[in-house]
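An overview of the molecular structure
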Amino acid sequence: MKCMMCESLSLTHICSSCQEKFLQPQIYKRNIQNTQVISFYKYKEIKKLLHTKHTDLGYHLFNILAKNSFQRFAKEFQYPYKVNSIAIDDKSNYAYSHTAILNKHLKSKNIEPLFNKLRANNTVNYSGKSKAFRLQNPRNFQLLDVNFNEVILIDDIITTGITLNEAILTLKQNGIKPLFCLTLADSSEANK
Ligand SMILES: [Zn+2]
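Our subject in this report is the structure included herewith. Fair warning: this is a prediction, and the values are worked out from it, not measured in the lab. (Residues numbered from 1 in each chain as written. Predicted model: local features only at pLDDT ≥ 70, side-chain atom pairs only at ≥ 80, totals over all residues.)

Here's the deal with the overall build of the protein chain
Along the protein chain, the regular secondary structure elements total 6 helices and 8 strands. Ordered by position from N to C terminus, the α and β elements of the protein chain give α-β-β-α-α-β-α-β-β-α-β-β-α-β. Here the protein chain has a C-alpha radius of gyration of 16 Å; the compact-globule value for 192 residues is 16 Å, and the two agree. If one aligns the C-alpha atoms of the protein chain with their principal axes, the spans along those axes are about 50 × 40 × 30 Å. Relative to its 192 residues, the protein chain shows a buried fraction of 34%. (Helix = DSSP H or I, 4+ residues; strand = E, 2+ residues; numbered from the N terminus. Rg over C-alpha atoms; globule rule 2.2 N^0.38 Å. Buried ≥ 20, exposed ≤ 12 C-beta atoms within 10 Å, placed from the backbone.)

Quick look at the structure:
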């Protein structure tokens, strides 16, 4: 096949030299309710790749992005014991869940990913919607069958922070401490 970025022949959808050149993760930090949110890319840098989210191609691209960011982070992550990670919206409404792909790549010495633990009872699509609309239509998260008291929270994109804010609140109401959040891309005003 051809690399999507440089069109040279490649075994993967993005060749290794383009991954090296364009997908080096950075650390972008935000804070929600005293919980640190770390993102690895600016949204605008990987916008085109993220637009494939609900296609077969998106499956491959999310795996490539997750390998370059979440997997590297997990390898470096030091903690005195093993902690769990859970993802927002990891129920697949297409053939796969993009946040489950990200979460899966955290599996490492100190992180054990868990799946289908945080269910959104309201699945309204936030894409392109205003902050007011998002506030009026909360996700109504529900925690399912959990037996941990601290956790790493995963989402794919942080925009207004409303979704993470609600998820963090749900965790706290259930006596669970969010250690920090990880998102693939930060889409705040400057990074759009
Ligand atoms: Zn390339």
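Alright, that's what it looks like, and here's the rest.
Examining the sheet that holds strand β4 (residues 111-113)
Strand order in this open sheet of 6 strands is β1-β2-β8-β7-β3-β4, and the pairing throughout is mixed. Both edges of this open sheet fall to β1 (28-32) and β4, since each of them pairs with a single strand only. With strand direction ignored, the average angle separating the axes of adjacent strands in the sheet is 30°. With 3 bridges joining them, strand β3 (residues 83-87) and β4 adopt parallel strand pairing. Each bridged residue has a counterpart across the sheet, and for V83 the counterpart in β4 is I111. (Pairing = 2+ DSSP bridges. Axes fitted to C-alpha atoms, helices over the stretch in contact; angles between N-to-C directions.)

A few points about helix α2 (residues 43-50)
Restricting attention to buried positions, one finds in α2 the residues Y43, L49 and L50. On an axial view of α2, the arc spanned by its buried residues comes to 115°, and they lie on one face. (Arc of directions from axis to C-beta.)

Brief notes about helix α6 (residues 162-173)
Its 12 residues place the ends of α6 16 Å apart at the C-alpha level, agreeing with the 16 Å of an ideal helix rising 1.5 Å per residue. For α6, the complete set of buried residues consists of T163, L164, A167, I168, T170 and L171. Across the axial projection of α6, the buried residues extend over an arc of 160°, all falling on one side. Taken together, the buried residues of α6 touch β1, β2 (35-42), β5 (118-120), β6 (141-143), β7 (150-158) and β8 (177-186). Immediately downstream of α6, the backbone of G175 shows phi near 75°, a positive value. (Expected span 1.5 Å × (residues − 1). Contact = placed C-beta atoms within 7 Å.)

Here's the deal with the environment of S69
With respect to the secondary-structure elements, S69 resides in helix α3 (residues 56-76). Residue classification places S69 among the buried positions, given that 25 C-beta atoms sit within 10 Å. Separated by 115 residues in the primary sequence, S69 and L184 place their C-alpha atoms 7.5 Å from one another. In this view, S69 contacts P25, F40 and L184; residues no more than four positions away in its chain are not counted.

Examining the nonpolar core
With 37 residues, the main nonpolar core has F70, L102, L153, I154, L164, A167 and L184 as its most contacted residues. Among the elements of the structure, β2, α2, α3, β3, α4 (98-104), β7, α6 and β8 are those that each provide at least two residues to this core. Beyond its immediate stretch of four places on either side in the chain, L102 contacts A66, F70, A87, I154, D156 and L184. (Core = buried A, V, L, I, M, F, W, Y, C linked by C-beta atoms within 7 Å.)

Section: the pairing of β1
The sheet contact formed by β1 and β2 spans 5 bridges and is antiparallel. The residue bridging Y28 from the neighbouring strand is S39, located in β2. Taking the residues that link successive antiparallel strands as the turn, the β1-β2 hairpin has 2 residues, and the phi of Q33 there is positive, at about 50°.

Considering the environment of D186
Its location among the elements puts D186 in strand β8. Residue classification places D186 among the buried residues on the basis of 25 C-beta atoms within 10 Å. When the C-alpha atoms of D186 and I158 are compared, they prove to be 5.1 Å apart, with 28 residues separating the residues in sequence.

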